[in-house]
Amino acid sequence: MKINSINFNGKKALVRVDFNVPLDDNYNVTDDNRIKAAVPTIEHILNNGGAAILVSHLGRPEKKLLPDGSMNKERFTLEHVVDTLRQNLPGRVVKFINAITGPAVQDAANKLQPGEVLLLENTRFDKGEKKGDETFAQALAALADVYINDAFGSAHREHASTATVTKFFTPENRAFGFLMENEIINATKALNSDTRPITAITGGAKVSDKLLLLENLLNRVDNLIIGGGMSYTFSKAQGGKIGNSICEDDKMELALDLLKKAAAKGVNVILPLDTKIADGFSNDANTKFVEAGQIPDNWEGLDIGPKTIDLFGKVLLESKTILWNGPVGVFEFENFAAGTRAIAEYVAKATELGAFSLIGGGDSVAAVKQMGLLDKVSFASTGGGAMLEFLEGKELPGIKAMEA
Ligand code: AMP
């Protein structure tokens, strides 16, 4: 069912959101984008006469246990996001209960009035969440009439609140929220596009993180640009000298294999021509530009060079569909951000010229945000790992369960 076709009047909606937001040492929310992203769905439910019961995880309490083996509830409680949530839902009654299941939660849900919001505690405080436990999912489902999944960032997890819970709602009573709907529509559009040329830019640190992505892209794109740390594995595999640059020797065979497959499929693989090298992994290191594959000993490549920027830019400006995953350099260091900035500008320009551009599945969204160009691309995903898996061609459990 589509969220727009559900009548929320007088109903309670269990809404799986992604409030896994960053917190500072005093537990203040330092970036409320994920909370903001859930607002349209929440407001829609409330404006249509419904009440919203919000569930989310926050961090990994099951991994960061206290010395006595118990969960650190003080650090991982969702109570930390309540003030920010209230600021984002002005004029709304927003309640919080420090439990996820049990009689007090059921009672709070029963008392919830149309137009009100109830946030439950971190779903990962219950061991059943990550196991996809049916009893836990059923207890959540018992709180509401309708289930809405708006947590795209958690869609690659087969957890109780993202997947199992759908079993307890009929297809007419469950739907994706607007955020998730948008992510799916845009990712599908980019991945299945036949508006050519289609260009993928991939970067980031490791080939091993991106192998499945590269394999899947080979079946879909005309141009595959490879930059970032992972390009040095390709360079070394082709006989280049890469000095101390990041490299996965055990992936060199696979890299060559990918290049062969690309050639067989007629995909144009574009690797860097030159590189900005440094004599240490630091913003203050000495730097120079060298040709790709000619990095001296004790130096390492931390960004693409100007010839590469021109080459990548030319391909991007001619593209009609662009998918971007991963920065082409260590953009966190100002002195090595120029390549990623230039790529962001070219993607923005190509978008202005009519291309459809999607950014997601890695640190590239953070990079584009840092460069202030987020509103100049067609779509920037909120889901890091989830978008990466989507672009790898995997079926995400959170999507599959809803559509079952
Ligand atoms: P990902 O999350 O896969 O998009 O990877 C992003 C990370 O890759 C960023 O933290 C970048 O600093 C890193 N990265 C990009 N280029 C390089 C490089 N040449 N050497 C080392 N790390 C890099």
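Residues numbered from 1 in each chain as written. Predicted model: local features only at pLDDT ≥ 70, side-chain atom pairs only at ≥ 80, totals over all residues. Heavy atoms only, no water.

Novice: It is not clear to me how the domain arrangement of the protein should be interpreted in this structure. Could you clarify?
Specialist: Each assigned domain of the protein is listed with its residue range as follows: domain 1 (3-176) and domain 2 (184-391). The C-alpha-based centres of domain 1 and domain 2 are spaced at 35 Å. At the interface, eight residues of domain 1 touch nine residues of domain 2. Buried surface at the junction of domain 1 and domain 2, summed over both partners, amounts to about 690 Å²; 66% is from carbon and sulfur atoms. Taken together, the connections running from domain 1 to domain 2 amount to one salt bridge. Here Asp31 ties to Lys369 by a salt bridge, and the two come within 3.1 Å at their closest N and O atoms. One can count one residue pair in polar contact (both at pLDDT 80 or more) joining domain 1 with domain 2. Residue composition of the side of domain 1 that touches domain 2, by class: three nonpolar, three polar and two charged. (Domains from an automatic or database assignment. Contact = heavy atoms within 4.5 Å. Buried area = accessible area lost by both parts, 1.4 Å probe. Salt bridge = Lys/Arg side-chain N within 4 Å of Asp/Glu carboxyl O. Polar contact = N/O pair within 3.5 Å; in protein donor to acceptor, adjacent residues only side chain to side chain. Nonpolar A, V, L, I, M, F, W, Y, C, P; charged D, E, K, R; others polar.)

Novice: What should I look at first to understand helix α7 (residues 178-191) in this one?
Specialist: One full turn of an α-helix is made of 3.6 residues, so residues set three or four places apart face in the same direction. Its 14 residues place the ends of α7 20 Å apart at the C-alpha level, agreeing with the 20 Å of an ideal helix rising 1.5 Å per residue. In terms of burial, α7 is a largely internal element, 10 of the 14 residues being buried. Where α7 is concerned, the buried positions are Phe178, Leu179, Met180, Glu181, Glu183, Ile184, Asn186, Ala187, Ala190 and Leu191. (Helix = DSSP H or I, 4+ residues; strand = E, 2+ residues; numbered from the N terminus. Expected span 1.5 Å × (residues − 1). Buried < 20%, exposed > 50% of the residue type's maximum accessible area, 1.4 Å probe, protein only.)

Novice: How do you make sense of the nonpolar core when you look at a structure like this?
Specialist: Side chains that are nonpolar tend, in soluble globular proteins, to be buried together. Residues Leu14, Ile53, Leu120, Leu224, Phe234, Leu323 and Phe390 are the most contacted members of the largest nonpolar core, which totals 64 residues. The dominant element in this core, judged by the number of residues it contributes, is helix α8 (residues 207-218), at six residues. Three or more residues apiece are contributed to this core by two domains, here domain 1 (3-176) and domain 2 (184-391). The residues touching Phe390, leaving out its near neighbours within four places in the chain, are Ile184, Ala187, Thr188, Leu191, Leu396 and Ile399. Counting 30 residues, the second-largest nonpolar core is a separate cluster that includes Phe8, Val29, Val39 and Ile42. (Core = buried A, V, L, I, M, F, W, Y, C linked by side-chain atoms within 4.5 Å.)

Novice: How should the sheet that holds strand β15 (residues 321-325) be read in this particular structure?
Specialist: Strands in a sheet are paired, the pairing made by backbone hydrogen bonds, and the direction either parallel or antiparallel. The strand order across the open sheet formed by six strands is β10-β8-β7-β15-β16-β17, and the pairing between neighbours is parallel. Both edges of this open sheet fall to β10 (268-270) and β17 (379-380), since each of them pairs with a single strand only. The sheet contact formed by strand β7 (residues 198-202) and strand β8 (residues 223-226) spans four bridges and is parallel. Within β8, the position partnered with Ile201 by the bridge is Ile225. (Pairing = 2+ DSSP bridges.)

Novice: Teacher, can you tell me more about the layout of surface pockets here?
Specialist: Counted as a void, the largest pocket has a volume near 1,000 Å³. Considering the residues around the largest pocket, the lining is formed by 36 residues, among which Arg34, Ser381, Thr382, Gly383 and Gly384 are closest to the centre. For the lining of the largest pocket, the secondary structure elements donating two or more residues are α1 (33-47), α7, α13 (364-370), β17 and α14 (384-391). Looking at the lining of the largest pocket, the element that brings in the most residues is α1, giving five residues. Classifying every residue of the lining of the largest pocket by side-chain character gives 10 nonpolar, 16 polar and 10 charged. Taken domain by domain, the lining of the largest pocket gets at least three of its residues from each of domain 1 (3-176) and domain 2 (184-391). Approximately 360 Å³ is the volume found for the second largest pocket. Lining of the second largest pocket is provided by 25 residues; of these, Gly204, Ala205, Gly229, Gly329 and Val330 occupy positions nearest its centre. Elements supplying a minimum of two residues to the lining of the second largest pocket: α9 (231-237) and β14 (300-304). Take the lining of the second largest pocket: its biggest share by element is five residues, from β14. Looking at the lining of the second largest pocket residue by residue, the classes come out as 11 nonpolar, nine polar and five charged. (1 Å grid on protein atoms, 1.4 Å probe; cavity = no way out; pocket = protein on both sides within 12 Å on 5 of 7 lines; lining within 4 Å. Points joined across faces, edges and corners; volume = space filled by probe spheres on them.)

Novice: Just checking my understanding: could you explain the site of the ligand for this structure?
Specialist: Around the ligand sit 16 residues, and of these Ala205, Lys210, Gly301, Glu332 and Asp363 come closest. Between the ligand and Ala205 there is a distance of 3.1 Å, counted from an oxygen atom to a backbone nitrogen or oxygen. Backbone polar atom of Gly229 to a nitrogen atom of the ligand: 3.1 Å apart, as the coordinates give it. Against a free-state accessible area of 500 Å², the protein chains account for coverage of 84% of the ligand. (Near = heavy atom within 4 Å. Areas by Shrake-Rupley, 256 points an atom, 1.4 Å probe, with all protein chains shown as cover.)

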